[in-house]
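Structure assessment
Residue-level listing of the chains:
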Amino acid sequence: MLNRVADLLEIKGENFFKIRAYREAVRQLDNLTTEVEQLIREGTLKDVPSIGPAIEQKITEYVTTGQLEFLTRLEAEIPPALLELTRVPGLGPRTAKDIYDRLGVLSLEELEAAALSHRLLQVPGIKAKTEENILKGIAQLKRTESRIYFPEAWILADSFLLTLRSLPGVVRAEIAGSVRRARETVRDLDLLVASDDPDAISREFARLPQVNEVISQAPAMTTIRVRSGMQVDLRAVRPESFGAAWQQYTGSPAHNAQLQAQAERVGKLTINESGVFGPDGTRLAGATEEEVYSAIGCAWIPPELREGWGEVELAASGSVPALVQQRDLRGDLHTHSNWSDGRQEIAVMVRAAKERGYAYIAMTDHTQSLQIAQGLTPERFRERAREIAAVNARSGGARVLNGAEVDILPDGSLDLPDDSLASLDLVVASVHTALEQPKDVITQRVLSALRSPHVDVLAHPTSRRLDRRGETSLDIDAVIAEAVKTGTALEINSSPWRLDLNDSWARKAREAGAMLAIDTDAHYPAEFDSARYGCAIARRAGLSPDRILNTRDAEGVLAHGRAKAARAVANFR
């Protein structure tokens, strides 16, 4: 709601500081660990930074009534379709308004036509590259139309599971479907509940506070829609069938077909959502997934692999890989503090990392050329090193590795001199600027960085931002090959705004023999919790703990860096 208000105010050309107040309120609410409803009940919403009386009143009105009169008035003043244009990644509210004022464009179809005919160039401030990026954004939006990225679905599922598990009569409640498999984008959310009275639970589900619309109801199944527009399907079964139903409603069609073929091979068995049955109809299994897979001669298969990629054959031969789990991660190699664009002091980030079980973090603040992120000069890195030493001298926290996220400049050079880079414990390198470079240019730029003896990790390799832009034209295959050759780890950035590398590229990296790292790119404590998304990507890629750099202890990570540097020096000679 706050974001929509800010967008509408920006379209109207309202005062910059007023718009920024709403954006900052969004940032602060995003960082909360307490439900807004609770803060309102306790009268403490006003204590949240950047929540002044006016915004506090609007939040309270919206939460308690489901509507906001101020927003209704704003929407009446602006063509509703204009906000539709801002769904295009990279197209902001002000530019959308300029396009409307000049060309009268009010739909994605009209916007695409205007870009293809180059009429967008008539709008002041829009150049050929802007027009090209708008077309790329429209293409990206079409690919994900009516779909959302899996982290958003996981957050919605968390809310539902918390409520469902508190209901009387619910024995168990879990995620199923493509959301459980952590497919990059999903259309709907599948939930499964075990209860001795499935019909009653199905009816109760339709009355939950998260429900905006009941689409359909049948015995033991209810389909609803939440306020965001996402469809949620709930199936309720008896406990003795839960494992079979969970398996059937999680596996892709290809996986389930291969599983049925396996069942027929081992004894003309039948497998469905009620259980595994022999030729004479005798029920052999069904209460747990493990016993379902075992009954047809298979090891249990992790849900992330249930896509029909050959996993059933692996399970039948007992060869399913032991996939990395979040508890295997011993540290985070990509984090930020308020020395650059992070929100908290180093000590606060260290404490948060320790609370989540990490033994160490690499503090990788930005470097000098990235002024928008308050990048550090060599002198400021030296000053920060003293603070890191002081934090490490205090016992009880996670160890801090003195690191940097060094920008790979457009010419392929690194944004810090060699002596500064050599003084750091760990260096992650990344591309933030000149993202439109041609494929051969940006590829050579990144390959040059990988050959540096100082670069330990390539961060968010494709540079995509899911809310504003797609991947660069980087030749990822060439980057993977060079990472293997140089011993540079490739990052799976767990931020829900990046998810970069994705599971397809991470799988290719594994097959090529590359080392990877699962990092959060945390700018404040709550972002450490994004690690679960990166782990899901790694699991879909079939990665085991030994292929993830930060499953090693801090000394192991540092040793990997020294070995990489030695290899680079030897290759140079």
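Rules used throughout
Residues numbered from 1 in each chain as written. Predicted model: local features only at pLDDT ≥ 70, side-chain atom pairs only at ≥ 80, totals over all residues. Heavy atoms only, no water. Pairing = 2+ DSSP bridges. Helix = DSSP H or I, 4+ residues; strand = E, 2+ residues; numbered from the N terminus. Axes fitted to C-alpha atoms, helices over the stretch in contact; angles between N-to-C directions. Contact = heavy atoms within 4.5 Å. Polar contact = N/O pair within 3.5 Å; in protein donor to acceptor, adjacent residues only side chain to side chain. Expected span 1.5 Å × (residues − 1). Buried < 20%, exposed > 50% of the residue type's maximum accessible area, 1.4 Å probe, protein only. Core = buried A, V, L, I, M, F, W, Y, C linked by side-chain atoms within 4.5 Å.

**A closer look at the sheet that holds strand β15 (residues 457–458)**
Judged by pairing direction, the sheet is parallel, and its 7 strands sit side by side in the order β11-β12-β13-β14-β15-β16-β17 without closing on themselves. Unpaired on one side and paired on the other, β11 (331–335) and β17 (516–519) mark the two borders of the sheet. Strand direction decides the pairing type here: strand β13 (residues 399–407) and strand β14 (residues 426–430), joined by 5 bridges, are parallel. Within β14, the position partnered with Gly403 by the bridge is Leu426.

**Some remarks on the sheet that holds strand β7 (residues 231–237)**
Strands sit in the order β2-β4-β7-β6-β5 across an open sheet of 5 strands; the sheet is mixed. Single-partner strands in this sheet number two, and they are β2 (170–176) and β5 (211–218). Each strand of the sheet is rotated relative to its neighbour by a mean of 20°, with strand direction disregarded. Here 7 bridges tie strand β4 (residues 188–195) to β7, and the two strands are oriented parallel to one another. When the bridges of β7 are listed, Leu191 appears paired with Leu234. Contacts between helix α10 (residues 150–164) and the sheet are confined to β2, β4, β6 (221–226) and β7, with β4 contributing the most and set at about 20° to the helix. Along the sheet face, helix α12 (residues 198–205) touches β2, β4, β5, β6 and β7 and points at about 160° away from the line of β7.

**Points about the environment of Thr65**
Its location among the elements puts Thr65 in helix α4 (residues 53–65). Separated by 356 residues in the primary sequence, Thr65 and Leu421 have C-alpha atoms spaced 55 Å apart. Reaching out from Thr65, the side chain makes a polar contact with the backbone oxygen of Glu61 at a distance of 2.6 Å. A polar contact is formed between the side chain of Thr65 and the backbone oxygen of Gln67, at a distance of 3.0 Å.

**Structural notes on helix α9 (residues 128–143)**
Residue pairs spaced three or four apart in an α-helix point in one direction, given the helix's 3.6 residues per turn. Between its first and last C-alpha, α9 extends 23 Å over 16 residues, near the 22 Å set by a 1.5 Å rise per residue. Every buried residue of α9 is accounted for by Glu131, Ile134, Gly137, Ile138, Gln140 and Leu141. Where α9 is buried, its residues contact α7 (93–103), α8 (108–116) and β1 (148–149).

**A few points about the nonpolar core**
Counting 92 residues, the largest nonpolar core has Phe160, Leu164, Leu189, Leu191, Phe205, Val232 and Leu490 as its most contacted members. Per-element tally for this core: the top contributor is α10, with 8 residues. Residues within four places of Val232 in sequence aside, it is in contact with Leu156, Phe160, Leu189, Leu191, Phe205, Thr222, Thr223, Ile224 and Val226. Core analysis: the second largest hydrophobic core is formed by 39 residues, Val5, Ile55, Leu83 and Leu120 among them.

None of the figures reported here should be taken as evidence of function without further support.
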